[in-house]
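Structure assessment
As a plain string of letters, each chain reads:
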Amino acid sequence: MNLDRPYPPNPYDYLPQVASFTLTSQNFCDGKQLPALHANDGGDLSPQLSWSGFPRNTKSFVVTCYDPDAPTPAGYWHWIAVNIPASVTDLAQAAGCSDEALPAGAFHIANDNSLRRYSGPLPPAGDHAHRYFFVVHALDVERLDIDPQTTNATQVSFTTGMHTLGRALIVGTYQR
């Protein structure tokens, strides 16, 4: 394992430009280490997230967590929650534990652990700190035309991108 390898670029820098808005968390600060409570080998709870300033014509949101530093060519999807109503502007801590913890009508897509919920960071022991991009996507549709049983996170990401009006992100790090 090469511990001196450079970080891959921010994957969102390569997407088409869209409006930006604000995303915050009561559980961590942008660019800082995530508490163990949110890691896979800790409490495995999704952090609290709040957002504001999104485009007025937003009809729904998608919330994701992605690790571009995972030792795979495609990174690693930790969380994908879709069809969050436009009236919702925050998710409580642990909202990623099940579909029932999400707002009515929203649901989880299988992450790269094949789980339909949030799976916290678990980078290889001794590796450099990984970055975890928590992103809220403001969409121009009330519902994505996605089968709740889909297991293809990249397909969901592509479909989300086709409907994104705005994007907010906050990055946490984690190292074991």
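This section reports on the structure supplied with the text. Owing to the predicted nature of the structure, the values given are computational and were not obtained by experimental measurement. (Residues numbered from 1 in each chain as written. Predicted model: local features only at pLDDT ≥ 70, side-chain atom pairs only at ≥ 80, totals over all residues. Heavy atoms only, no water.)

1. Description of the packing of aromatic side chains
Rules: Two rings belonging to Phe, Tyr or Trp (six-membered ring only in the last case) form a pair when the distance between their centres is within 6.5 Å. Interplanar angles under 30 degrees mark stacking, angles over 60 mark edge-to-face geometry, and anything in between is tilted. The numbering of helices and of strands both runs from the N terminus, where a helix is a DSSP run of H or I of at least 4 residues and a strand a run of E of at least 2. Exposed residues in this analysis have more than 50% of their type's maximum accessible area, buried residues have under 20%, and partly exposed residues fall in between, with area computed by a 1.4 Å probe over protein chains only.
One pass over the full model with this rule turns up 8 aromatic pairs. Arranged with centres 5.4 Å apart and planes meeting at 80°, the rings of Trp79 and Tyr118 form a pair that is edge-to-face. Separated by 39 residues along the polypeptide, Trp79 in strand S5 (residues 76-85) and Tyr118 in the loop between strand S7 (107-108) and strand S8 (130-139) bring together distant segments of the chain. Given a relative accessible area of 0%, Trp79 falls into the buried group. The exposure class of Tyr118 is buried, given its relative accessible area of 1%.

2. So, the sheet that holds strand S2 (residues 22-24)
Using the following cut-off: Strand pairing is assigned whenever DSSP detects at least two bridges linking the two strands.
Overall, antiparallel pairing links the 3 strands, which are arranged S2-S3-S6 in an open sheet. Each having just a single partner strand, S2 and strand S6 (90-91) make up the two edges of the open sheet. Across 2 bridges, the pairing between strand S3 (residues 49-52) and S6 is antiparallel. Paired with Ser50 across the bridge in S6 is Asp90.

3. So, the pairing of S5
Where burial is concerned, most of S5 is hidden: 8 out of the 10 residues are buried. Across 7 bridges, the pairing between strand S4 (residues 60-67) and S5 is antiparallel. Across the sheet, the residue bridging to Thr64 is Ile80, located in S5. Bridge count for S5 against S7 is 2 bridges, and the pairing is antiparallel. Its bridge partner lying in S7, Val82 is registered against Phe107.

Don't take any of this as a statement about function, it's just geometry.
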